[in-house]
Amino acid sequence: MGYQHISPKARPATTAAGRPGAAALEAAFAALREEFQLASDYPAAALADAEAAIASLELPAPDQTHIEFVTIDPPGSTDLDQALHIERDGSGYRVRYAIADVPAFVRPDGELDAETRRRGQTIYAPDEKVPLHPHDITDNAGSLLADSVRGAFVWDFRLNAQGEMTDVGLERARVRSRARLAYAEVQEQIDAGSAIDSLMLLKEVGLKRVELERQRGGASLNLPEQEIVPTDDGGYRIEASSARPVEDWNAQISLMTGMAAAKLMMDGGVGILRTMPPPDEKSLRHFRRQTQALGREWDASVPYGEYLRTLDASDPRQLAILHAAAALFRGAAYTPFDGRVPEHHVQAAIAAPYAHTTAPLRRLVDRFVLVLCEALANDGVVPGWVREALPALPSIMAASDLRAAQVERAALDLVEAALLVHRVGQEFDAVVVSGSKPSPANGASTANGNGRPVQPLDRIASSQNGTRPSGAAKPFGTVQLADPPVTARCEGDMESGTTIRVRLVDADIQKRLVLFERV
């Protein structure tokens, strides 16, 4: 589950009894950054490398500034990796997808290169982001900001009437985005029919790509997103909502680009894929038993991805099924190769070979994939520094992914504790997303962080938020409150998919702890 970027300095500390002030939050955020060694300041040598690259930057000769690209991102975003343009092409479509030319700023084996390898990716903490690259690149010179001429890797797709790729091109070129748009406004414009042609076609192409994903057997978890919103009285509220359709349509363009990158690299015999094995039979059998126990049985003749698309997260039992389905999405890894294509080369959730290539400002591996694909697409030579880096990238990215997940989990625990710190002793309605009292045929599981299941079979084994000593005999599970929609540990007997009444026992910002008990 996501969280909103928040700044405790954006509002005054409250003096209301029991409510967290800005100072308490600042201290908790600082402790989190120290715990995970999040250094937002860049080493002087790496900064000097970045400044020299910006000063000496030469834009690509090919000029695509006449293409009316736009960017679509969360509100307030300035690290803009992608810009989009779609037009009709006979009975099909032409999709141009510009990706920020980050390699132009990073000298191979230089100080900046070394620092980005240490970081791996941008880390989003609650009060600030810790960028992969210096801010002058991430939020300015390298970002596809509106009305600014920038260098980019421009993917050029030709699609047929069904949305299938028929041709792919890739070149470095200069581009100029016409507008920085947010998802909400784009959705409103599309719904009203007032959006520009390119955005209206995004819906058309996006829906066709969604259908192609369904036909391939792809799967995704559509759990509600969380947004933390400060209130005027010094407290917080948390809003939960499903992703807007335009976010899925836009994601389909990114997925298509990753699939095209994977094909280029596989055809060229060198690259690095994002792979994930299909769920094993044991996990599938257990998930099927859970769906039976929760009253919405999964028919074995229906692909699990197709079944997941039918679920409604607003229904308590179906929400519990979606949480349980997380056990089917495990084992993602980066798989490099130079020569023979690896035997296991598919990303099972996408149901196709896939690579990360559309977020180079925020993720290290994309920089190498872009350079590699541009060379392969134009019958060029893959640079030696790219080939040499491939074996090291999986471990770099795995460590970075782990730290990003740990920070997100800890940040969620912290923010949820801040949401509830002044409400200890109050009662709430809650949905049991992972029960302590097994439903028929249910088994055991493990969890991470704030009671969020990693293998959410039925019993959560341990969680940081609300952890009791190992000798405690009390049963416990994981609940999601109806209002505010916080997910946390709860002590007592409970069954997945049921709605119960719970009481808040503890909420501690510094310990990042939230604990409920069943009433």
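Residues numbered from 1 in each chain as written. Predicted model: local features only at pLDDT ≥ 70, side-chain atom pairs only at ≥ 80, totals over all residues. Heavy atoms only, no water.

**Student:** Any chance you could explain the overall build of the protein chain here in plain terms?
**Tutor:** Counting its regular elements, the protein chain contains 13 helices and 18 strands. Looking at the protein chain residue by residue over its 519 residues, the buried ones come to 53%. Within the protein chain, contacts between residues at least 6 apart in sequence are counted, and of these 72% link residues at least 24 apart. When the accessible surface of the protein chain is split by element, carbon and sulfur atoms take 49% of a total near 21,600 Å². (Helix = DSSP H or I, 4+ residues; strand = E, 2+ residues; numbered from the N terminus. Buried < 20%, exposed > 50% of the residue type's maximum accessible area, 1.4 Å probe, protein only. Contact = heavy atoms within 4.5 Å. Areas by Shrake-Rupley, 256 points an atom, 1.4 Å probe, with all protein chains shown as cover.)

**Student:** What should I look at first to understand the nonpolar core in this one?
**Tutor:** Generally speaking, nonpolar side chains in soluble globular proteins are found buried as a group. In terms of nonpolar packing, the biggest core is built from 56 residues, with Trp-155, Leu-199, Leu-202 and Met-265 touching the most fellow members. Membership of the second largest hydrophobic core comes to 35 residues, among which are Ala-28, Ala-410, Ala-417 and Val-432. (Core = buried A, V, L, I, M, F, W, Y, C linked by side-chain atoms within 4.5 Å.)

**Student:** Would you mind showing me how to read the pairing of strand β15 (residues 476–481) here?
**Tutor:** Successive side chains on a regular strand alternate, one facing one side of the sheet and the next facing the other. Taken across its 6 residues, β15 has 6 buried, putting it largely inside the fold. Alternating residues of β15 divide into Phe-476, Thr-478 and Gln-480 and Gly-477, Val-479 and Leu-481, and every residue in both groups is buried. Sheet topology note: the β15/strand β16 (residues 487–491) ladder contains 5 bridges and is antiparallel. For Phe-476, the partnering residue across the bridge sits in β16 and is Glu-491. Linkage of β15 to β16, two consecutive antiparallel strands, is achieved through a turn of 5 residues. (Pairing = 2+ DSSP bridges.)

**Student:** I keep staring at the environment of Ala-182 and nothing clicks. Help me out?
**Tutor:** Relative to the helices and strands, Ala-182 resides in strand β7 (residues 165–182). Remark: the alpha-carbon pair of Ala-182 and Asp-73, spanning 109 residues in sequence, is separated by 5.1 Å. Discounting chain neighbours no more than four positions away, the residues touching Ala-182 are Ile-72, Asp-73 and Pro-75.

**Student:** Is there a simple way to explain the side chain of Thr-138 in this structure?
**Tutor:** Tracing the chain through its elements places Thr-138 in helix α4 (residues 135–141). Those residues in contact with Thr-138 that sit more than four places away from it in its chain are Thr-78, Asp-79, Leu-80, Lys-129, Pro-131, His-133, Ser-143 and Leu-361.

**Student:** Teacher, can you tell me more about the sheet that holds strand β17 (residues 499–508) here?
**Tutor:** Hydrogen bonding along the main chain pairs the strands of a sheet, whether they run parallel or antiparallel. Reading around the barrel, the 5 strands line up as β12-β15-β16-β18-β17 and close back on themselves, with mixed pairing between neighbours. Going from strand to strand, the sheet's axes swing by 55° on average, the running direction of each strand aside. Sheet topology places strand β12 (residues 427–434) next to β17; 5 bridges connect them, and they run antiparallel. The partner of Asp-429 across the bridge, within β17, is Arg-501. Here helix α10 (residues 316–324) sits on the sheet in contact with β12, β15 and β17, set at roughly 50° to β12. The strands touched by helix α13 (residues 393–420) within the sheet are β12, β16, β17 and β18 (513–518), with β18 carrying the most contacts at an inclination of about 60°. (Axes fitted to C-alpha atoms, helices over the stretch in contact; angles between N-to-C directions.)

**Student:** Teacher, can you tell me more about the pattern of salt bridges here?
**Tutor:** A side chain with one charge can pair with a side chain of the opposite charge if their charged atoms come near. For the structure shown, the criterion picks out 29 salt bridges. When the shortest N-O distance is used, the salt bridge between Asp-139 and Lys-129 registers 2.7 Å. Of this pair, Asp-139 sits in helix α4 while Lys-129 sits in strand β5 (residues 129–130), and the two are 10 residues apart along the sequence. We note a salt bridge from Glu-491 to Lys-474, for which the minimum N-O separation is 3.6 Å. One end of the pair, Glu-491, is in strand β16; the other, Lys-474, is in the loop between β14 (452–455) and β15, and 17 residues separate them in sequence. (Salt bridge = Lys/Arg side-chain N within 4 Å of Asp/Glu carboxyl O.)

**Student:** What's the story with unusual backbone geometry in this structure? I'm lost.
**Tutor:** A negative phi angle is the norm for most residues apart from glycine, just as the trans form is the norm for most peptide bonds. Positive phi outside glycine occurs at Ala-351, with the angle close to 65°. Its location among the elements puts Ala-351 in the loop between β11 (333–338) and α11 (364–377). For Ala-351, a relative accessible area of 22% translates into the label partly exposed.

**Student:** Where do I start with helix α3 (residues 111–119) in this structure?
**Tutor:** Turn by turn, an α-helix covers 3.6 residues, leaving residues three or four places apart pointing in a common direction. Burial in α3 covers these residues: Leu-112, Asp-113, Glu-115, Thr-116 and Arg-119. Burial along α3 is one-sided: seen end-on, the buried residues are contained in an arc of 165°. Turning to α3, the residues buried within the fold contact α2 (44–55), β5, α4, α11 and α13. Directly after α3, the chain includes Gly-120, whose backbone phi takes a positive value near 85°. (Arc of directions from axis to C-beta.)

**Student:** I keep staring at the confidence of the model for the protein chain and nothing clicks. Help me out?
**Tutor:** Low-confidence regions, as indicated by low pLDDT, have predicted coordinates that should not be scrutinised in detail. With 85% of its residues at a pLDDT of 70 or more, the protein chain shows a mean pLDDT of 86. For the stretch residues 438–464, pLDDT sits under 50, and the model shows 102 contacts to residues farther than four places along the chain or on other chains. (pLDDT = per-residue confidence, 0-100.)

**Student:** Where do I start with the environment of Ala-482 in this structure?
**Tutor:** As for its placement among the helices and strands, Ala-482 is situated in the loop between β15 and β16. For the pair Ala-482 and Asp-429, spaced 53 residues apart in sequence, the C-alpha to C-alpha distance is 5.7 Å. Non-local contacts of Ala-482, meaning those with residues more than four positions away in its chain, are made with Asp-429 and Ala-430.

**Student:** Which parts of the structure should I look at to understand the pairing of strand β6 (residues 149–159)?
**Tutor:** The element β6 is extensively covered by neighbouring structure, given that 9 of its 11 residues are classed as buried. Where strand β3 (residues 92–100) lies against β6, 8 bridges are found, and the strand directions are antiparallel. When the sheet's bridge partners are listed, Tyr-93 is paired in β6 with Leu-159. Across 11 bridges, β6 lies against β7 in antiparallel orientation. Bridge pairing links Arg-150 to Val-175 in β7. The hairpin turn running from β6 into β7, its antiparallel successor, is 5 residues long, and Gly-163 in that turn takes a positive phi close to 90°.

**Student:** Help me out: how do you make sense of α11 in this one?
**Tutor:** The end-to-end C-alpha separation of α11 is 21 Å, in line with the 20 Å expected for 14 residues at 1.5 Å each. With respect to burial, α11 is a largely interior element, 12 of its 14 residues being buried. Those residues of α11 lying buried are Leu-364, Val-365, Asp-366, Arg-367, Phe-368, Val-369, Leu-370, Val-371, Leu-372, Cys-373, Ala-375 and Leu-376. Just downstream of α11 lies Asp-379, where phi reads positive at about 55°. (Expected span 1.5 Å × (residues − 1).)

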